[in-house]
Amino acid sequence: LDGLLADNVNCIDAYDGYLWFGTQNGLSVFDGANWYNFTTSDGIVDNTIQAIHVSSSGVWLGTDFGVSYVDLPNLFSGGIITSYTTADGLGNNVIKCINEDSDGNIWFGTNSGVTKFDGNNWFSLGTSDGLPFGGVLDIDQGSNGDIYLSSGLGGLFIYDGSVLTSVTETDG
(Lines give C-alpha, C1' and ligand atoms only; values in the text may rest on other atoms or scores of the structure.)
Protein backbone atom coordinates (compact mmCIF):
# COMPACT_ATOMS: atom_id res chain seq x y z
CA LEU A 1 0.00 0.00 0.00
CA ASP A 2 1.40 3.37 -0.97
CA GLY A 3 0.01 6.22 1.14
CA LEU A 4 -2.39 6.89 3.98
CA LEU A 5 -4.84 4.23 5.10
CA ALA A 6 -7.62 6.88 5.05
CA ASP A 7 -8.16 10.53 4.17
CA ASN A 8 -9.66 11.07 7.64
CA VAL A 9 -6.56 11.87 9.72
CA ASN A 10 -7.39 12.38 13.41
CA CYS A 11 -3.92 13.01 14.86
CA ILE A 12 -0.26 13.45 13.93
CA ASP A 13 3.06 13.11 15.70
CA ALA A 14 6.67 13.32 14.50
CA TYR A 15 9.74 11.59 15.88
CA ASP A 16 13.22 10.73 14.63
CA GLY A 17 12.49 11.51 10.97
CA TYR A 18 9.17 9.68 10.89
CA LEU A 19 5.68 11.16 10.61
CA TRP A 20 2.93 9.21 12.38
CA PHE A 21 -0.72 9.58 11.32
CA GLY A 22 -3.69 8.23 13.24
CA THR A 23 -6.49 7.64 10.75
CA GLN A 24 -10.00 6.16 10.71
CA ASN A 25 -8.52 2.96 9.26
CA GLY A 26 -5.38 2.53 11.38
CA LEU A 27 -1.85 3.90 11.77
CA SER A 28 0.13 5.23 8.80
CA VAL A 29 3.84 6.01 9.12
CA PHE A 30 5.90 7.97 6.57
CA ASP A 31 9.71 7.95 6.65
CA GLY A 32 10.12 10.54 3.88
CA ALA A 33 10.14 7.95 1.11
CA ASN A 34 7.99 4.99 2.13
CA TRP A 35 4.63 4.43 3.82
CA TYR A 36 4.01 1.75 6.44
CA ASN A 37 0.51 0.91 7.63
CA PHE A 38 -0.75 -0.92 10.72
CA THR A 39 -4.28 -2.05 11.60
CA THR A 40 -6.14 -4.36 13.95
CA SER A 41 -4.76 -7.27 11.91
CA ASP A 42 -1.33 -6.23 13.26
CA GLY A 43 -2.64 -6.14 16.84
CA ILE A 44 -3.86 -2.55 17.32
CA VAL A 45 -6.90 -2.51 19.63
CA ASP A 46 -9.03 -0.52 17.11
CA ASN A 47 -8.45 1.05 13.69
CA THR A 48 -9.85 4.48 14.54
CA ILE A 49 -6.84 6.20 16.10
CA GLN A 50 -7.98 9.28 18.08
CA ALA A 51 -4.67 10.19 19.79
CA ILE A 52 -1.01 9.40 19.24
CA HIS A 53 2.17 9.96 21.22
CA VAL A 54 5.61 8.82 20.12
CA SER A 55 8.17 8.39 22.88
CA SER A 56 11.78 7.27 22.63
CA SER A 57 10.78 3.66 23.28
CA GLY A 58 7.44 3.29 21.55
CA VAL A 59 4.25 4.64 20.09
CA TRP A 60 1.05 5.01 22.12
CA LEU A 61 -2.20 4.90 20.14
CA GLY A 62 -5.48 6.00 21.72
CA THR A 63 -8.83 4.76 20.43
CA ASP A 64 -12.43 4.54 21.63
CA PHE A 65 -11.69 1.00 22.80
CA GLY A 66 -8.46 1.43 24.76
CA VAL A 67 -4.79 2.06 23.95
CA SER A 68 -2.13 0.16 22.08
CA TYR A 69 1.59 0.39 22.68
CA VAL A 70 3.84 -0.34 19.72
CA ASP A 71 7.42 -1.32 20.49
CA LEU A 72 9.41 1.23 18.47
CA PRO A 73 12.76 -0.51 17.89
CA ASN A 74 11.05 -3.51 16.28
CA LEU A 75 8.04 -1.83 14.67
CA PHE A 76 8.98 -2.44 11.05
CA SER A 77 10.10 -6.03 11.62
CA GLY A 78 6.99 -7.48 13.23
CA GLY A 79 7.22 -5.39 16.38
CA ILE A 80 5.34 -6.21 19.54
CA ILE A 81 1.97 -4.47 19.96
CA THR A 82 0.40 -4.55 23.43
CA SER A 83 -3.12 -3.28 24.06
CA TYR A 84 -4.59 -2.03 27.32
CA THR A 85 -8.20 -1.43 28.38
CA THR A 86 -10.15 -0.80 31.56
CA ALA A 87 -9.62 -4.49 32.36
CA ASP A 88 -5.89 -3.70 32.71
CA GLY A 89 -6.34 -0.52 34.78
CA LEU A 90 -7.09 2.21 32.25
CA GLY A 91 -9.68 4.59 33.75
CA ASN A 92 -11.83 4.68 30.59
CA ASN A 93 -11.40 3.14 27.15
CA VAL A 94 -12.28 6.34 25.23
CA ILE A 95 -8.93 8.12 24.78
CA LYS A 96 -8.86 11.81 23.85
CA CYS A 97 -5.15 12.63 24.26
CA ILE A 98 -1.82 11.16 25.32
CA ASN A 99 1.30 12.80 26.73
CA GLU A 100 4.44 11.87 28.63
CA ASP A 101 5.84 13.63 31.69
CA SER A 102 9.50 14.26 32.50
CA ASP A 103 9.64 11.04 34.56
CA GLY A 104 8.51 8.93 31.60
CA ASN A 105 4.98 8.38 32.91
CA ILE A 106 2.34 8.20 30.19
CA TRP A 107 -0.83 10.24 30.77
CA PHE A 108 -4.10 9.47 28.99
CA GLY A 109 -6.92 12.00 28.81
CA THR A 110 -10.09 9.93 28.74
CA ASN A 111 -13.80 10.47 28.36
CA SER A 112 -14.16 10.40 32.15
CA GLY A 113 -10.89 11.85 33.44
CA VAL A 114 -7.18 11.10 33.29
CA THR A 115 -5.05 7.99 33.78
CA LYS A 116 -1.31 7.80 34.49
CA PHE A 117 0.72 4.70 33.62
CA ASP A 118 4.26 4.34 34.98
CA GLY A 119 5.02 1.15 33.06
CA ASN A 120 3.69 -1.08 35.84
CA ASN A 121 0.93 0.71 37.74
CA TRP A 122 -2.19 2.61 36.74
CA PHE A 123 -3.57 5.67 38.57
CA SER A 124 -6.77 7.48 37.57
CA LEU A 125 -8.63 10.65 38.50
CA GLY A 126 -12.26 11.12 37.47
CA THR A 127 -15.46 12.94 38.29
CA SER A 128 -15.43 11.58 41.86
CA ASP A 129 -12.08 13.36 42.29
CA GLY A 130 -13.40 16.69 41.00
CA LEU A 131 -12.88 16.45 37.24
CA PRO A 132 -15.94 17.48 35.21
CA PHE A 133 -18.17 15.37 33.01
CA GLY A 134 -16.73 15.22 29.50
CA GLY A 135 -13.25 14.16 30.44
CA VAL A 136 -9.80 15.58 29.72
CA LEU A 137 -9.05 17.01 26.28
CA ASP A 138 -5.34 17.80 26.64
CA ILE A 139 -2.48 17.22 29.07
CA ASP A 140 0.84 18.98 29.58
CA GLN A 141 3.44 19.36 32.30
CA GLY A 142 4.58 22.65 33.80
CA SER A 143 8.23 23.44 34.53
CA ASN A 144 7.58 22.75 38.22
CA GLY A 145 6.33 19.21 37.45
CA ASP A 146 2.62 19.94 37.87
CA ILE A 147 0.32 18.25 35.37
CA TYR A 148 -2.14 20.55 33.56
CA LEU A 149 -5.42 19.07 32.37
CA SER A 150 -7.82 20.86 30.04
CA SER A 151 -11.54 20.26 29.95
CA GLY A 152 -14.21 21.46 27.57
CA LEU A 153 -16.77 21.73 30.36
CA GLY A 154 -14.80 22.63 33.47
CA GLY A 155 -11.85 24.82 32.62
CA LEU A 156 -8.31 23.93 33.62
CA PHE A 157 -7.13 21.55 36.32
CA ILE A 158 -3.69 21.39 37.90
CA TYR A 159 -2.50 18.18 39.55
CA ASP A 160 0.60 18.46 41.74
CA GLY A 161 0.85 14.75 42.47
CA SER A 162 -1.54 14.84 45.40
CA VAL A 163 -3.97 17.76 45.06
CA LEU A 164 -6.23 18.54 42.09
CA THR A 165 -6.95 22.27 41.73
CA SER A 166 -9.59 23.79 39.44
CA VAL A 167 -9.04 27.04 37.56
CA THR A 168 -12.02 28.59 35.77
CA GLU A 169 -13.15 31.94 34.31
CA THR A 170 -14.32 33.09 37.73
CA ASP A 171 -10.77 32.62 39.07
CA GLY A 172 -9.29 34.87 36.41
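Scroll up a little and you will see the structure.
Just so we're clear, the structure is a prediction, and the values are computed from it rather than from any experiment.

## Remarks on the nonpolar core
Item 1. Judged by nonpolar contacts, the single largest core of 15 residues is most densely connected at W20, L27, I44, I52, V59 and L61.
Item 2. Elements with a contribution of two residues or more to this core: β3 (26-30), β5 (51-54) and β6 (58-63).
Item 3. Excluding residues within four positions of it along the chain, I44 makes contact with L27, F38, T39, I49, L61, S68, I81 and S83.

## Looking at the pairing of strand β11 (residues 113-117)
Item 1. The buried count for β11 comes to four of five residues, which makes it a mostly enclosed element.
Item 2. By the bridge criterion, five bridges tie strand β10 (residues 106-110) to β11 in an arrangement that is antiparallel. Bridge pairing in β11 links G109 to V114.
Item 3. Counting the residues between successive antiparallel strands, the hairpin from β10 to β11 contains two residues.
Item 4. For β11 and strand β12 (residues 122-126), the ladder comprises five bridges, and the chain directions are antiparallel. Across the sheet, residue G113 finds its bridge partner in β12, namely G126.
Item 5. Turn length for the β11-β12 hairpin, with the two strands adjacent in sequence and antiparallel, is four residues, and the turn residue G119 shows positive phi of about 105 degrees.

The rules behind these values
- Residues numbered from 1 in each chain as written.
- Predicted model: local features only at pLDDT ≥ 70, side-chain atom pairs only at ≥ 80, totals over all residues.
- Heavy atoms only, no water.
- Core = buried A, V, L, I, M, F, W, Y, C linked by side-chain atoms within 4.5 Å.
- Buried < 20%, exposed > 50% of the residue type's maximum accessible area, 1.4 Å probe, protein only.
- Helix = DSSP H or I, 4+ residues; strand = E, 2+ residues; numbered from the N terminus.
- Contact = heavy atoms within 4.5 Å.
- Pairing = 2+ DSSP bridges.

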